Amino acid sequence: MSAFMNWSCEDVSKWIESLGYQQYTACFTENYINGRKLILVNCSTLPRLGVTDFKDMKAISGHIRELLEILDPRGSRSIALPPVEPRRLFLEEKSRTGSTADSLTYIQFFKERGLDEYT
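It should be emphasised that the depicted structure is a prediction, and the values quoted were computed from it without experimental measurement.

(A) Quick look at unusual backbone geometry. You will see that Tyr32, though not glycine, has its phi angle at about 55 degrees, which is positive. With respect to the helices and strands, the residue Tyr32 is situated in the loop between helix H2 (25-30) and helix H3 (35-38).

So, in structure tokens, the structure goes:
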């Protein structure tokens with residue numbers, strides 16, 4: 001699994017700062033956004049964290065999708081939830097804490113849910 005899954009809140013804040021959005025580091029730290037929770041952040045959740053500038057929301061969401069290796073929803077005019085992709089389903093499951101989520105593998109996730117065509 002990608003290293004970002006083990007990021008602390010401070011690591012996420014440093015990453016946001018490295019992208020040039022230092023004004024939002026406190027938004028992520030104060031909301032306890034670590035690597036696992038970063039998976040769930042998108043344009044729908046950013047305003048609740050304190051990121052309200054539309055251009056910044058689009059850019060930060062794009063950087064998160066790049067980090068998660070999730071394709072950009074082409075042709076989508078909405079800033080709401082992107083279409084569900086198989087990798088996103090897996091990452092959302094991995095965002096939980098505990099031994100079950102920690103030990104879950106990509107192939108195991110899809111086989112247990114009968115989604116073998118994605119493996």
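Having put the structure on the table, let's press on.
(B) Quick peek at the packing of aromatic side chains. One pass over the structure, following the stated rule, counts five aromatic pairs. Here the aromatic rings of Phe109 and Phe110 are separated by 4.9 Å at their centres, their planes lie at 85 degrees, and the arrangement is edge-to-face. Since its relative accessible area comes to 3%, Phe109 is described here as buried. Ring pairs connect the aromatic residues Phe4, Trp7 and Trp15, which therefore count as one cluster.

(C) Spatial organisation of the nonpolar core. Judged by nonpolar contacts, the single largest core of 27 residues is most densely connected at Ile16, Tyr24, Phe28, Leu38, Val41, Leu46 and Ile60. Considering each element in turn, this core owes the most residues, four residues, to helix H5 (residues 54-68). Apart from the residues lying within four places of it in its own chain, the contact partners of Leu38 are Trp7, Val12, Trp15, Phe28, Ile33, Ile64 and Leu67.

The rules behind each value
Residues numbered from 1 in each chain as written. Predicted model: local features only at pLDDT ≥ 70, side-chain atom pairs only at ≥ 80, totals over all residues. Heavy atoms only, no water. Helix = DSSP H or I, 4+ residues; strand = E, 2+ residues; numbered from the N terminus. Phe/Tyr/Trp six-rings, centres within 6.5 Å; stacked < 30°, edge-to-face > 60°. Buried < 20%, exposed > 50% of the residue type's maximum accessible area, 1.4 Å probe, protein only. Core = buried A, V, L, I, M, F, W, Y, C linked by side-chain atoms within 4.5 Å. Contact = heavy atoms within 4.5 Å.

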